[in-house]
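# Overview (structure and organization)
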Amino acid sequence: YDALEPLIPEHLDRLLWSFASYNAGRGYVVRALGIAEMDVKAARLPGPWWSWGLSWRYLAHREAEVRGRWADYRQTVRYVEWIKAKAIALGAEAA
């Protein structure tokens, strides 16, 4: 969570990306966020590039590889969404 603070200013998005980092690995998350940031600067992505809702798809981007491997983005997204749903069911503020 703290390692992502320089990249992601919003608490909820940082929390969701930290869950993704736990599941897939921090390298994959940092690569995905870097690609999302480049797309925002190139005007291909609307809104904040660090937003989980907009940028989780970059985990599947062909350039989001680390040492020639790619994250299992489907598993990572399911994991993060499962935690988010549990938090909502428990009454936490994670919408």
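Refer to the preceding data block for the structure.
First, a word on what this report is: a plain description of the structure on this page. (Residues numbered from 1 in each chain as written. Predicted model: local features only at pLDDT ≥ 70, side-chain atom pairs only at ≥ 80, totals over all residues. Heavy atoms only, no water.)

## Re helix 4 (residues 73–89)
Short version of the rule: Put simply, DSSP H or I for four residues or longer makes a helix, DSSP E for two residues or longer makes a strand, and each gets a number counted from the N terminus. What a helix should span is 1.5 Å times the count of its residues minus one. Note on exposure labels: buried denotes an accessible area under 20% of the residue type's maximum, exposed denotes more than 50%, and partly exposed covers the range between, all computed with a 1.4 Å probe on protein chains only. Directions from the helix axis toward the C-beta atoms define the arc.
If you check helix 4, its first and last C-alpha atoms are 24 Å apart, about what 17 residues at 1.5 Å a residue would give, namely 24 Å. Listing the buried residues of helix 4 in full gives Thr76, Val77, Val80, Ile83, Lys84 and Ala87. For helix 4, the arc enclosing every buried residue in end-on projection is 130 degrees, short of the 170-degree limit, so these residues lie on one face. Across helix 4 from its buried face, at more than 90 degrees, point the exposed residues Arg74, Arg78, Trp82 and Ala89.

## Some details on the nonpolar core
What counts here: Buried residues of nine kinds, namely Ala, Val, Leu, Ile, Met, Phe, Trp, Tyr and Cys, make up a nonpolar core once their side-chain atoms join them within 4.5 Å.
Ranked by internal contacts, the top residues of the largest apolar core, which has 18 residues, are Ile8, Trp17, Ala20, Val29, Leu33, Trp52 and Leu59. For this core, the elements supplying multiple residues, two or more each, are helix 1 (11–24), helix 2 (26–41) and helix 4.

## With respect to the environment of Ser55
So the rule is basically this: In protein, a polar contact means a hydrogen-donor-capable atom and an acceptor-capable atom, both N or O and within 3.5 Å, with residues adjacent in sequence counting only if both atoms are side-chain atoms; elsewhere, any N or O pair within 3.5 Å suffices.
Counting through the fold element by element, Ser55 comes out in helix 3 (residues 52–55). Residue classification places Ser55 among the buried residues on the basis of a relative accessible area of 0%. C-alpha separation for the pair Ser55 and Ala42, spaced 13 residues apart in sequence, amounts to 15 Å. In this structure the side chain of Ser55 is engaged in a polar contact, spanning 2.4 Å, whose partner is the backbone oxygen of Trp49.

## With respect to the side chain of Ser18
Our working rule: In this description, contact between two residues means that some pair of their heavy atoms is separated by no more than 4.5 Å.
Residue placement: Ser18 occurs in helix 1. Classification of Ser18 as buried rests on a relative accessible area of 13%. From its side chain, Ser18 meets the backbone oxygen of Leu15 in a polar contact 2.6 Å long. Residues in contact with Ser18, not counting those within four places in the same chain, are Tyr1 and Leu4.

## Observations regarding the packing of aromatic side chains
So the rule is basically this: Centre distance within 6.5 Å is the pairing criterion for rings of Phe, Tyr and Trp, where only the six-membered ring of Trp is used; planes under 30 degrees apart are then read as stacked, over 60 as edge-to-face, and the remainder as tilted.
Going through the model one piece at a time under the given rule, you end up with three aromatic pairs. Judged by centre distance (4.8 Å) and plane angle (75 degrees), the ring pair of Trp17 and Trp52 falls under edge-to-face. Of this pair, Trp17 sits in helix 1 while Trp52 sits in helix 3, and the two are 35 residues apart along the sequence. Trp52 carries the same exposure label as Trp17, and that label is buried.

## Describing the environment of Tyr28
Its location among the elements puts Tyr28 in helix 2. We classify Tyr28 as buried; its relative accessible area is 15%. Separated by 27 residues in the primary sequence, Tyr28 and Ser55 place their C-alpha atoms 13 Å from one another. Those residues in contact with Tyr28 that lie beyond four places of it in its chain are Leu59, Ala64, Val66, Arg69, Trp70 and Ala71.

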